[in-house]
Amino acid sequence: MLSRSVSLLQQLAKTNNSRRYLSLKQLNPIINRNLAWFSGQSTKKTFGERLKRRLKNFLIVTVIGFGTYYGFTTGWGAVPLLKHIDTEKYEAVCVSPRNYFLMTPLLPPVSVGTVETRTVIESIRSLIEPRVKYVEAHCVSVDPKAKVISCNTDGEQPVSRGDDVKTILIPSRRAGGSSSRIIKDSGESIHSFFLNIYLARVRPSFDMKYDILVVSVGSENNTFNTPGIEEHAHFLKEVLDARRIRSAISDAFESAMTPTQTPAKRKRLLHFVVVGGGPTGVEFAAELADLVREDLQIYFPRLVANDVKIALIEALDHILSMRDKQISDYTERHFHRENIDVLMNTFVKEVKQHEVVVQLKGSDELKSIPCSVVVWATGIKPRALTNKLREIIGFDIQSNRMGLTYRSIFTRKKITEFPQLEIISKSIEKAFEEADKDKSGTLTLAELHSALGKADTKIRALPATAQVASQEGSFVADLLNQLKDTQSNNYEQKNLKSFRYKHMGSLAYVGGDEAVVDFTGSKPILDMFNLKPLSGRSAAYLWKSFYLTEMFTGRTKTLLAFDWVRTQFFGRDISRY
């Protein structure tokens, strides 16, 4: 089983005997040969052969990941900053309502039981203390002039651990549905449990002064003012969201098994709708299809054969539209094989208790889709604290509606004074011909201005992903460590290096032990290994490798590995607790 991974290590060791370090030219053929071998694997039929293949896949996963994703840091914005900040120079204090770090990309497998909850969280204290002081509190206001933050105002704000307190303390208006947002737990609702905590653990408000403030509060789900989302849909951004979804799926199947259920009600109960064709929506739909095919089919064979239906709704004409078109096309074809209905060019107009109202692009007709569980994964928006800060500072300065910016930090020098040139340089000849209208072979200032204007239309804000936030967090920490005068805000005169995002590729799991990997925009990787968009089982090995190596501690790495092994040997736990 270890023959291929051992062979790869032997090749690397043999190549390394004569030199201390491996060159890119030496690594290139080795990596390419092994990737080609992985993509050529055939599907095993018998249980013994399939088990052998899965164990082999698990054991070689870290080899692939080490060769492709080295140097990529874990965590979002705050944790990399706190890990890299010079605590001998600064007294660093972290204020957050959530005392754990969450691996949010793994929430889709958590919501179906492939991965357990404790695997994707790690205590923030174990990550940053004793170097950084941590205070569990909810920051509700910032005074930039006085340099003071206010936490837990009026002594009435409970500690929320990063989750939406309203959905815990206020009963859902959805009654009598399988996807009730109140989780039942051993006869006592989570609502009652947290209500007791709320009454017993109210903490007094306090103010805290600061010299330098770093705001890294993240974002929240964007409903686009669609009626019924808050009352009848599930989000997938926090641990409790995953627990609610897992409970709702179990409740839907158990409710459908009631002898008095009519066929129409069974079909509604077992119709699951996912709104949003981005990575979160795609991965959740894929994980749900795996759960139905690999586990629930054993216990509910008739329901799975006749009534279960999974639908993915996307407003654009492709899912994973931000990825390479080959990735989108492959995912759509794969979802068709997995019996996942993809409804593209479809807008959700309202979510009701037992149905979703949609409208097709270019049509005025509204259509109703009966369902029981709706997962909303369409996008994000800034939190209230971010919007309040933008208002305090002034919208003329903070004009970006998606977050806070510090212009002086990101000012570019020399050639980077014109970032448009970086875009034009990729097709410089074509851009020159289009701008040179008189075909003189030179550009006037007006023609140059026209070319830069076209490039401006192509410039987009960086995506709100963990990869971007991680690099930004490390960058801010390094920037602060370089400052000699912490009281001065004139960063332009300090000749500090501006932030440049380095895209390392993107991954998405699409179900059936298959994944897609897109290296578009990650030019260094393409140059080194000549990698193009990958799909299938070989991409799934990279996907598993990436998340296994990027888990924050040895404890969570071990738990994730055991969760995958447990799922392969014993299946997922389908009980509701």
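Residues numbered from 1 in each chain as written. Predicted model: local features only at pLDDT ≥ 70, side-chain atom pairs only at ≥ 80, totals over all residues. Heavy atoms only, no water.

The name recorded for the protein in an unreviewed UniProt entry is EF-hand domain-containing protein, from Rotaria magnacalcarata.

Here the focus is the overall build of the protein. When helices and strands are tallied, the protein shows 22 helices and 21 strands. Burial analysis of the protein (577 residues in total) assigns 46% to the buried set. Pairs at least 24 apart in sequence give 70% of the contacts found in the protein among residues at least 6 apart. When the accessible area of the protein is evaluated, it comes to approximately 30,700 Å², of which 55% is carbon and sulfur surface. (Helix = DSSP H or I, 4+ residues; strand = E, 2+ residues; numbered from the N terminus. Buried < 20%, exposed > 50% of the residue type's maximum accessible area, 1.4 Å probe, protein only. Contact = heavy atoms within 4.5 Å. Areas by Shrake-Rupley, 256 points an atom, 1.4 Å probe, with all protein chains shown as cover.)

Attention now goes to the sheet that holds strand 15 (residues 355-360). An order of 14-15-16 is seen for the three strands of this open sheet, with the pairing classed as antiparallel. The strands lining the two open edges of the sheet, one partner per strand, are strand 14 (346-351) and strand 16 (366-370). In this sheet, adjacent strand axes meet at a mean angle of 35 degrees when their direction is disregarded. Pairing analysis gives five bridges linking strand 15 to strand 16, with the strands arranged antiparallel. For Glu355, the partnering residue across the bridge sits in strand 16 and is Pro370. (Pairing = 2+ DSSP bridges. Axes fitted to C-alpha atoms, helices over the stretch in contact; angles between N-to-C directions.)

Going residue by residue along strand 6 (residues 148-151), you find Val148 and Ser150 tucked away on one face and Ile149 and Cys151 tucked away on the opposite face as well. In this structure, strand 5 (residues 139-143) lies alongside strand 6, joined through four bridges in antiparallel fashion. Looking at the pairing, Asp143 lines up with Val148 of strand 6. Linking strand 5 to strand 6, which pair antiparallel, is a turn of four residues; within it Lys147 sits at a positive phi near 55 degrees. Inspection of the sheet shows strand 6 paired to strand 9 (residues 206-209) by four bridges, in the antiparallel sense. Each bridged residue has a counterpart across the sheet, and for Ser150 the counterpart in strand 9 is Asp207.

Among the secondary structure elements, Asp518 is positioned in strand 20 (residues 514-518). Among the polar contacts made by the side chain of Asp518, one reaches the main-chain amide nitrogen of Asp324 at a distance of 2.9 Å. (Polar contact = N/O pair within 3.5 Å; in protein donor to acceptor, adjacent residues only side chain to side chain.)

Another point: helix 19 (residues 466-482). A rise of 1.5 Å per residue sets the reference length of helix 19, with its 17 residues, at 24 Å; its end C-alpha atoms lie 24 Å apart and thus fit the reference within 8%. Among the residues making up helix 19, those that are buried are Gln467, Val468, Ala469, Ser470, Gln471, Gly473, Ser474, Phe475, Ala477, Leu479 and Leu480. In this fold, the buried residues of helix 19 make contact with helix 4 (78-84). (Expected span 1.5 Å × (residues − 1).)

Here we come to the pairing of strand 17 (residues 373-376). Each regular strand carries side chains that alternate between the two faces of the sheet. Along strand 17, one buried face is formed by Val373 and Val375 and the opposite face, lined by Val374 and Trp376, is buried too. In this sheet, strand 17 lies alongside strand 11 (residues 271-275) in parallel orientation, the contact comprising four bridges. Residue pairing across strands places Phe272 opposite Val373, the latter belonging to strand 17.

A few words now on the side chain of Asp290. Within the secondary structure layout, Asp290 lies in helix 12 (residues 279-299). A polar contact is formed between the side chain of Asp290 and the side chain of Tyr509, at a distance of 2.5 Å. In this structure Asp290 touches Asp295, Glu338, Tyr509, Gly511, Gly512 and Arg572, once residues within four positions along its chain are discounted.

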